[in-house]
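Here is what each chain is made of, one letter per residue.
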Amino acid sequence: MAGLNGKPVNGTSMDTSAHDHVLQEEPVWLPEIAAWPESPKDEVDKDRLRLEGEIAIAQQRTAAAWHRAADADVEMREVLKAEIAASRERLEEMEREYEVSIATIREDSQAEVARIMADARHQVARLRASRSNGSLNDDR
């Protein structure tokens, strides 16, 4: 605080001559240090950055694994679809072969029935003929 005529009341002044001896002395230099020691905050930041990097790498690996699994799933579905289609084609072929076999068996069965019926008719005709010949022979 300044008093009358610019003189400070508390005995201080703006005069720097009292402190000139400090400015004229050689400054004191600290010894040469290669690097300042790390503060705990720097170590925490380093650990945080390292862990964030590891997390990012793990996330990339996880995403890559999900993509590989999805690709394998798509591939497996395509393989299964192809196997199902091949199985259906084979089943249709087997059904056609079955139908042909059934038709052949029916034709053969009908032919056998027709043959048996024809033989039976011949036998009946022969029996009738032999009876009629026998009864004619008995009448004589």
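Right above here is the structure, for reference.
Described below are features of the structure shown in this document. Just so it is clear, the structure is predicted and the values come from calculations on it, not from any experiment. (Residues numbered from 1 in each chain as written. Predicted model: local features only at pLDDT ≥ 70, side-chain atom pairs only at ≥ 80, totals over all residues. Heavy atoms only, no water.)

Some thoughts on a negative patch on the surface
As a reminder of what qualifies: Here, patches come from residues exposed beyond 30% relative accessible area and free of salt bridges, joined within 9 Å for like charges and within 5 Å for nonpolar side chains (Val, Leu, Ile, Met, Phe, Trp, Tyr). All accessible-area figures derive from a Shrake-Rupley calculation using a 1.4 Å probe, and residue coverage is judged against the displayed protein chains alone. The working definition used for a salt bridge is a side-chain nitrogen of Lys or Arg within 4 Å of a carboxyl oxygen of Asp or Glu. When charges are counted, Lys and Arg contribute as positive and Asp and Glu as negative, whereas His and the chain ends are disregarded. Lys charges are placed at NZ, Arg charges at CZ, Asp charges at CG and Glu charges at CD. Counting from the N terminus, the helices are the DSSP runs of H or I reaching at least four residues and the strands are the DSSP runs of E reaching at least two.
Among the surface-exposed residues, Glu89, Glu92, Glu95 and Glu99 lie close enough to one another that they form a single negatively charged patch. One can find Glu92 in helix H2 (residues 40-139).

Side note on the pattern of salt bridges
The cut-off we apply is this: Note on exposure labels: buried denotes an accessible area under 20% of the residue type's maximum, exposed denotes more than 50%, and partly exposed covers the range between, all computed with a 1.4 Å probe on protein chains only.
Within this structure, the stated rule accounts for eight salt bridges. Ionic pairing is found between Arg48 and Asp45, a salt bridge with its closest N-O pair at 4.0 Å. Within this pair, Arg48 and its partner Asp45 are both found in helix H2, separated by three residues, close to a single helical turn. Look at Arg48 and you get partly exposed, because its relative accessible area is 40%. The shortest N-O distance in the salt bridge between Asp119 and Arg115 comes to 2.9 Å. Highlighted residues: Asp119 and Arg115, both in helix H2, separated by four residues, approximately one helical turn.

Purely geometric numbers; function is a separate question.
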